[in-house]
Amino acid sequence: MSLVPDRWFCARVTVTGPLGEGEGGGDPEDNGDGDDDDGDTPKATFPCYRWLESGHLELREATARTPREVALDPQLLQQRQEERRERQEAFQWAPYAPGWPWRLRALPPTLCPWPPPRPVSPASPVSPVSPVSPAPRPPSPPLSPSLAFPLGHRASIAARAAAAQVRVRLRGLHGGGSWRSFDDIREALGCPGTPISEYVVQHWQDDAFFGEQYLSGVNPLLLRRCSRLPPNFPVTPPMVAPTLGPDTSLQREMEGGRVFLADYALLEGLPTGRLGGEPQFLCAPLCLLWLSPRQRLLPIAIQLSQHPGPPIFVPGDGPWGWALAKLWVRGAHFLLHEMVPHLLHSHFLAETFAVATQRLPAGHPIHQLLLPHCRFTFHINILARDTLLNPGGIIDQATAIGREGTLELVARGTAALTYTELCVPDDMENRGVTDVPNYHYRDDALEIWGAIESLAEGIVAIYYPKDSDVAEDHELQDWVGEIFTYAVLGNEKSGFPSKLCTRPELVKFLTMIIFCCSARHAAVNSGQYDYAAWMPNTPGMLRRPPPATKEEATAELLLATLPSPQATGALLALLSVVSYEGGEPRPLGSRWQEPFSEAPPRRVVATFRRRVATIARRIRRRNEGLALPYPYLEPPLVQESVAI
Ligand code: FE2
């Protein structure tokens, strides 16, 4: 019994028929080994999934059924329609900022552990294809406990945040201005405390490590094969000849598929903020990389602009010129990664998936499949909007673009978003990176994608025997239509489906959602502290303009360009909290409080769980032999929802 008053959580009520116990009733809390529900005992399951408080509570039996099955029973049909109306009342769409995916309007007050977020009042709300009425509605009764952080989870996050603040103060990370020397930086940041962050301290200036981070770092989603130089990046063969060596040429290497590009064009011209009265700076670089005969991905040319004119830096430019060029690329990499693959592709898209899913009846098979992947997503996003994105929040304190630039960058990312980039096999093909050696993210992501795809196939096969069953499920079509409308704002160029007509289309869409809410978020979230704790490897802001000539690059300029100790501390405190799941972790496949109550889907889930365990063993064995392991997609470390 808790010493702190809290509500009682009820997952479900199971009513067993007159044949009594021991004839196949099974344990309703079992996580789905598939062997417990095969008997003939009449049994009905009433999912609750909410905190029980005083008052009237109405539960409906919710064996997973499509609308076609429900339509045959007038009473079930009426219940289903009533439930749908209630859910659509409780889970409403709301805009946040122009060009952004929409969000949940607000948590019902009884579920929100602190006051609802302050309205940001965007100047002109986005206009999706079929907007819902923006008129405020009275609070609705709570429907799902998975919207609220329980008390222990809240306390865990608060305690970790407080401890992080204390560590930052003890390291002396509270002053403005510049670092006096690298010794000062080493003294403050030199022992970041995790094996990978210690590796970063040792190797941050190595070109091979710089390249490796595109494959197995915290944002392994940007690298693209380059068979022809973009017209705004005029690298000449003599510039890179000293790096490539005597027996080849840039043209030959491109034709051989060994040249790659990292393009930060999305950052071009973003507004930047001021911190402590100081302007902050940003550039949108282009970085060319080469896969060497020793199978190492090496940077060979960097231009700190999308427009030809500034110098193109190469490794032979002297230690500070090349180091400064790489520093600017890493600063751009951090901003792009945090705002687009992390916040947009993971957090805010996951929220649209969760809102649309919560608006489905609890008995819909898609609702039951996806519910574990919605856990805590609303709440962590409310926390992000309240403490990161709010005016004067951590994004204003610790990043070059601040809140204003972030609003613009996420809007650009939303406009540029494609279905292809969220579907792992398509993404690898599209970026031309299917055969790059030592691309651990790709190897792990493809395996996990395959496992999730099998899970989705198994569930779809049970509830949708024919393609026409998919096409005729009007609840499903509303669900995918809402995601198209509110996630990508009805942008047909995104390639997102606005309707699903076949079983393979549905399987792919479900796989994309589950992967984005679990493995993709883990890939861009869990390594944040590892790779940014040594700030020179991942600066959140830069305090001097990019060097206009190679000659002006000096050690003094590099030190003056780095973020101040105070900005470094603000970012470190945040990353040391959000890089790790707090409270009670729910690894991929755990499906704690399994919504499916029948044996067939639970057997599919059990098979999925076994496959995930096999993947975990393979990744663990691989990592044991690596100097720099890639642990972020080890399934026990992958949470099944965006919860931190
Ligand atoms: Fe996150």
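Cut-offs applied
Residues numbered from 1 in each chain as written. Predicted model: local features only at pLDDT ≥ 70, side-chain atom pairs only at ≥ 80, totals over all residues. Heavy atoms only, no water. Helix = DSSP H or I, 4+ residues; strand = E, 2+ residues; numbered from the N terminus. Buried < 20%, exposed > 50% of the residue type's maximum accessible area, 1.4 Å probe, protein only. Contact = heavy atoms within 4.5 Å. Areas by Shrake-Rupley, 256 points an atom, 1.4 Å probe, with all protein chains shown as cover. Pairing = 2+ DSSP bridges. Donors = N, O, S within 2.8 Å, 3.2 Å for Na, K, Ca; no water. Phe/Tyr/Trp six-rings, centres within 6.5 Å; stacked < 30°, edge-to-face > 60°. Polar contact = N/O pair within 3.5 Å; in protein donor to acceptor, adjacent residues only side chain to side chain. Axes fitted to C-alpha atoms, helices over the stretch in contact; angles between N-to-C directions. Nonpolar A, V, L, I, M, F, W, Y, C, P; charged D, E, K, R; others polar.

1. Quick notes on the overall build of the chain
Here is step 1 of the chain: For the chain, the count of helices and strands is 23 helices and 11 strands.
Here is step 2 of the chain: By residue count, 58% of the 644 residues in the chain fall in the buried class.
Here is step 3 of the chain: Contacts in the chain between residues at least 24 apart in sequence constitute 77% of all its contacts with a sequence separation of at least 6.
Here is step 4 of the chain: Summing over all exposed atoms, the chain offers an accessible surface of approximately 25500 Å²; the carbon and sulfur share of this is 56%.

2. A closer look at the sheet that holds strand β9 (residues 286-291)
Here is step 1 of the chain: The strand order across the open sheet formed by 5 strands is β5-β6-β9-β10-β11, and the pairing between neighbours is antiparallel. Unpaired on one side and paired on the other, β5 (224-225) and β11 (312-313) mark the two borders of the sheet.
Here is step 2 of the chain: As paired elements, strand β10 (residues 297-303) and β11 share 2 bridges and run antiparallel to each other. The residue of β11 that forms the bridge with I302 is F313.

3. Quick look at the coordination of the iron ion
Here is step 1 of the chain: Those protein atoms acting as donors to the iron ion are H342 (NE2), H347 (NE2), H521 (NE2), N525 (OD1) and I644 (O), and they sit at 2.2 to 2.5 Å.
Here is step 2 of the chain: Written as a sequence motif, the donor arrangement for the iron ion is H-x4-H-x173-H-x3-N-x118-I. Highlighted residues: H347 in helix α9 (residues 319-358) and I644 in the segment after α23 (599-624), separated in sequence by 297 residues. Across the pair, I644 and H347 agree in class, each one buried.

4. What about the packing of aromatic side chains?
Here is step 1 of the chain: Counted according to the given criterion, the structure contains 18 aromatic pairs.
Here is step 2 of the chain: Taking 5.1 Å as the distance between ring centres and 55° as the angle between the ring planes, the aromatic pair formed by W102 and Y486 counts as tilted. Taken together, the residues W102 in the loop between β3 (93-94) and β4 (103-104) and Y486 in helix α18 (residues 474-486) connect sequence positions 384 residues apart.
Here is step 3 of the chain: By relative accessible area, W102 is classed as buried at 5%.
Here is step 4 of the chain: The class of Y486 is buried, set by a relative accessible area of 2%.
Here is step 5 of the chain: Here F209 and Y531 contribute two aromatic rings whose centre-to-centre distance is 6.2 Å and whose plane-to-plane angle is 10°, an arrangement assigned as stacked. With F209 in helix α6 (residues 207-216) and Y531 in helix α20 (residues 528-532), this residue pair connects regions lying 322 residues apart in the sequence. A single burial state applies to F209 and to Y531, both of which are buried.
Here is step 6 of the chain: The rings of F182, W204, W320 and W534 are connected pair by pair, giving a single aromatic cluster.

5. Looking at the environment of S518
Here is step 1 of the chain: Assignment of secondary structure puts S518 in helix α19 (residues 503-525).
Here is step 2 of the chain: Sequence separation between S518 and E640 is 122 residues, and the spatial gap between their C-alpha atoms is 4.5 Å.
Here is step 3 of the chain: S518 has contacts with I452, L588, V638, Q639 and E640, leaving out every residue within four places of it along the chain.
Here is step 4 of the chain: In this structure the side chain of S518 is engaged in a polar contact, spanning 2.6 Å, whose partner is the backbone oxygen of I514.

6. Quick word on the side chain of Q528
Here is step 1 of the chain: With respect to the helices and strands, Q528 occurs in helix α20.
Here is step 2 of the chain: Polar contacts involving the side chain of Q528 include one to the main-chain carbonyl oxygen of N525, which spans 3.0 Å.
Here is step 3 of the chain: Not counting residues within four places of it along the chain, the set of residues in contact with Q528 comprises V218, H337, E338, H342, A533, L575, V578 and S579.

7. Some details on the packing of helix α15 (residues 424-431) against helix α16 (residues 440-463)
Here is step 1 of the chain: Two elements in contact, α15 and α16, have axes whose closest approach is 9 Å; the angle formed by their N-to-C orientations is 145°. On the side of α15, the interface is formed by V424, P425 and M428, while α16 contributes Y441, R442, A445, L446 and W449.
Here is step 2 of the chain: Within the contact of α15 with α16, the residues separate by chemical class into 7 nonpolar, no polar and 1 charged.

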